[in-house]
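Descriptive structure summary
Spelled out from the first residue to the last, the chains are:
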There are 2 protein chains.
Amino acid sequence: MPFAPPVQGSPWLDPQDRSRLRARKREAVILAAARAFRDRGYHHTSLDEIAAGLGITKPTIYALFDGKEDLLFECFLAGVEPLRAAFREVETRGASGRERLLSVAHRYAVAITGEFGWVMVRVEGEDLSPAMSARIKSLKSEIDQGLRSLIRKGIADGSIAPCDPKMTAFALAGALNWIAFWHRSESSPAAGALDPKTLAARLLQVFESGLEPR
Amino acid sequence: MPFAPPVQGSPWLDPQDRSRLRARKREAVILAAARAFRDRGYHHTSLDEIAAGLGITKPTIYALFDGKEDLLFECFLAGVEPLRAAFREVETRGASGRERLLSVAHRYAVAITGEFGWVMVRVEGEDLSPAMSARIKSLKSEIDQGLRSLIRKGIADGSIAPCDPKMTAFALAGALNWIAFWHRSESSPAAGALDPKTLAARLLQVFESGLEPR
DNA sequence: ATCAGTCTTTACTCATGAGTAAAGTCCCGG
DNA sequence: CCGGGACTTTACTCATGAGTAAAGACTGAT
C-alpha cells in the first residue's frame, strides 16, 4: 500500500520527539562550530574537524544544515539573540535614556564574552553569499539603530550630554565588540581573569561618565 | 670569467637604482594588496587577482615577496607604522597624560580610515604562521601597552579620572579599531561622508569627557 | 650581432576542503 | 525474521588557489 493515509499520526516515534531530537542535534553542532570558529577561525575550520569533534561525520552535518555558510549563520543568530533580548527588555522600562543605554551595553558586553560572541562580531559579508550577507547586515544594523535611538532619547530627556549619536553609537559598539578580539586570549591563563560582569562594569566606566551631562 | 671581481661596482644599472626600483614595485604591490584585502577579504583575494589588478602575473609577486602571508605582513607593517609614529611624536611633548592620549587617539583614528587601516585591524593570528603571528602580536601589544601607559600617566598627573587602565585602553582601542569595520561601507556613497579629522573628533568626544576627572 | 644577467610569463603541480551519491546500519512493526 | 524508513557513513568528485619550474623577453656592454 504505497499511499499510506496522510494523517498526522506517524509510526514508531511520534513527530514531536523526532523534531525535538533534531533540534538538539542542531544545537550541539552549532555550539561546536561556534567554538571551533572562535578558536581556529572560520576559514581554518573544516566541517570534517567540527564533525570529528562531535564524534560524527560531515554528511551528518549536511543532514542538519544546508552547508558551512548556513551553519555560520546559525551561530550568528545564536550570538545576536541575547542582544536583541537586551533591547526588548529595556524597552518596557521607564528609566532614562542613559540608564537604558547603559543597561543594554552591560548585557551586550556580557553576551560578547559568551560562546557566540566571536562569531557574531567577526562574521563579515565577505565570507557569505549576498543573500546571507544581507540578512546579517540587517540584523547588525538593527542593533546599531537601537543604540543610536537610545542615545537620542537620552539627549532628549537630558540624561546624556549632547553629542553625535551615530559616532557615539559606533564608539560604544566598537568598545563592546572589541571584547571578542581580546577576551579569550587574555583572560584564560592568568589568575587576573575578570568575570564578565566586572569586566563590563570597568570597561563601560569611561562611557558612564563620558555620556553624563556636566 | 665566472668569478667576476666581487667589488661593489655592479654593471649596467647601479645597485642603488635597482633596489630603488624594486622597492617601488614592492610598495605598489603592497598597496594593491591592502586594497584588495579590504574590499574582498584576505581569504577571498587570490594573488592572481592582485597581480591582474597591477597588470602583472603571480610569479612576479613571488619575485618580490616570500608568499601571500609575507605580503599580508607587509600590509600590516604599513598600517601600524603611523600608530607607532604617533606615540613617538607625543613622547617628546610635555603635555598632560590626557592631552597626549587624546592626541595619539586622534592620529590613530585618522590612520585607521586610511588604506591600511583594515588590514592592520583585521589581520589575526589565525591567518598566519606561528612566527608571523608572534611578530604581529608583539606589535599590537606594543600599541596596547602604549595606550595603557599614557592612561596611567594621566591618572598619575591628575588629568585623567581614576579608572582601570587596561579596560579603558581596550575600550578606546575598540572604538578606534572598529572604525575599520564601518568606515568604508558607510562613508563612500552618501554626501554625509565625514572627513577623517571630523570623524575622529566626534567619535572621541565621549572619551574626552569620560576621561576627565569631575 | 651576441651574450649575460635580471626580470617576467606560461604552464604546470599539488593540497585542501566543500559538497554528494550510494551503500550501510539501526530500530521497530508485522 | 523480514521489511521499510530514518539516519549515518564510506568513498568519492570537483573547484580553487598557493606555490614552482622552466622557458622566454628585455637590457645594455662588448
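Preceding block: the structure.
In this report, we go over the structure that sits alongside the text.

What counts and what doesn't
- Residues numbered from 1 in each chain as written.
- Chains lettered and ligands numbered in written order.
- Predicted model: local features only at pLDDT ≥ 70, side-chain atom pairs only at ≥ 80, totals over all residues.
- Heavy atoms only, no water.
- Near = heavy atom within 4 Å.
- Helix = DSSP H or I, 4+ residues; strand = E, 2+ residues; numbered from the N terminus.
- Nonpolar A, V, L, I, M, F, W, Y, C, P; charged D, E, K, R; others polar.
- Contact = heavy atoms within 4.5 Å.
- Expected span 1.5 Å × (residues − 1).
- Bend = angle between axes of the 7 residues up to and from the residue.
- Buried < 20%, exposed > 50% of the residue type's maximum accessible area, 1.4 Å probe, protein only.
- Least-squares fit on C-alpha atoms with pLDDT ≥ 70 in both.
- Phe/Tyr/Trp six-rings, centres within 6.5 Å; stacked < 30°, edge-to-face > 60°.
- Lys NZ or Arg CZ within 6 Å of the ring centre and 35° of its normal.
- Salt bridge = Lys/Arg side-chain N within 4 Å of Asp/Glu carboxyl O.
- Core = buried A, V, L, I, M, F, W, Y, C linked by side-chain atoms within 4.5 Å.
- Polar contact = N/O pair within 3.5 Å; in protein donor to acceptor, adjacent residues only side chain to side chain.

1. Let's talk about the protein's contact with DNA strand C
Looking at DNA strand C, there are 16 residues lining it, with A:Lys58, A:Tyr62, B:Thr57, B:Pro59 and B:Thr60 nearest. Each atom of DNA strand C within 4 Å of the protein belongs either to a base or to sugar and phosphate, the latter forming 61%. With three residues, the single largest contributor to the surface near DNA strand C is helix α3 (residues 58–64) of chain A. Tallied by class, residues from the surface near DNA strand C come to seven nonpolar, six polar and three charged.

2. Structural notes on the environment of B:Leu150
Within the element layout of this structure, B:Leu150 appears in helix α7 (residues 130–156). Residue contacts for B:Leu150: discarding those within four places in its chain leaves B:Phe87, B:Val90, B:Gly97, B:Arg100, B:Leu101, B:Val104 and B:Ile160.

3. Considerations on helix α10 (residues 196–211) of chain B
Residues and elements named next belong to chain B. Taking 1.5 Å of rise per residue, the 16 residues of α10 would be expected to cover 22 Å, and the 22 Å separating its terminal C-alpha atoms lies within 8% of that figure. Where α10 bends most, at Leu204, the angle is about 45°. Along α10, the positions that sit buried rather than exposed are Leu199, Ala200, Leu203, Leu204, Val206, Phe207, Ser209, Gly210 and Leu211.

4. Overview of the relation of the copies chain A and chain B
Take chain A, turn it by 180°, move it 0.0 Å along the axis, and it overlays chain B with an RMSD of 0.0 Å. What the superposition gives is, in effect, a two-fold axis relating one chain to the other. Residue A:Gly210 of chain A places its C-alpha closer to the rotation axis than any other residue of that unit, at 1.6 Å. The overlap is high: 100% of the interface residues of chain A also sit at the interface in chain B, so the same surface is used on both sides.

5. Brief notes about the packing of aromatic side chains
Within the structure shown, the criterion is met by eight aromatic pairs over all chains. Measuring from ring centre to ring centre gives 5.0 Å for A:Phe37 and A:Tyr42, while their planes differ by 70°; the resulting arrangement is edge-to-face. In terms of burial, A:Phe37 and A:Tyr42 fall into one category: buried. Measuring from centroid to centroid gives 5.3 Å for A:Phe207 and B:Phe207, while their planes differ by 65°, and the two rings are edge-to-face. A residue pair is termed interchain when its members come from two chains, as with A:Phe207 in helix α9 (residues 196–211) and B:Phe207 in helix α10. Neither A:Phe207 nor B:Phe207 differs from the other in exposure class; each is buried. Through a chain of ring-to-ring contacts, the aromatic side chains of A:Trp178, A:Phe181, B:Trp178 and B:Phe181 assemble into a single cluster. Its guanidinium or amino end placed over the ring of A:Tyr42, A:Lys68 lies 4.4 Å from that ring's centre, counting from NZ or CZ.

6. Description of the pattern of salt bridges
Residue and element names in this part refer to chain A. Summed over all chains, the structure comprises 30 salt bridges over all chains. For Lys140, the salt bridge goes to Glu124, with nearest N and O atoms at 3.1 Å. On the criterion of sequence distance, the pair formed by Lys140 in helix α7 (residues 130–156) and Glu124 in the loop between α6 (117–122) and α7 is long-range, its members being 16 residues apart. Taking relative accessible area as the criterion, Lys140 reaches 24% and is therefore assigned partly exposed.

7. Observations regarding the nonpolar core
Taken as a class, soluble globular proteins show a tendency for nonpolar side chains to be buried jointly. A:Phe207 and B:Phe207 are the most contacted members of the largest nonpolar core, which has 130 residues in total. Sort the elements by how many residues they give to this core and helix α8 (residues 165–187) of chain A lands first, with 13 residues.

8. Thoughts on the environment of A:Thr198
All names here are of chain A. Among the structural elements, Thr198 can be located in helix α9. Distance in space between the C-alpha atoms of Thr198 and His106 is 9.8 Å, their sequence separation being 92 residues. For Thr198, the side chain forms a polar contact with the side chain of Asp195, separated by 2.3 Å.

9. Quick look at the protein's contact with DNA strand D
In the vicinity of DNA strand D lie 16 residues, with A:Thr57, A:Pro59, A:Thr60, B:Lys58 and B:Tyr62 positioned nearest. Considering the 4 Å shell around the protein, atoms of DNA strand D inside it are sugar or phosphate in 63% of instances. Taking B:Tyr62, its side chain carries an N or O atom lying 2.7 Å from a phosphate oxygen of DNA strand D. Between B:Lys68 and DNA strand D, the recorded distance is 3.0 Å, taken from a side-chain N or O atom to a phosphate oxygen.

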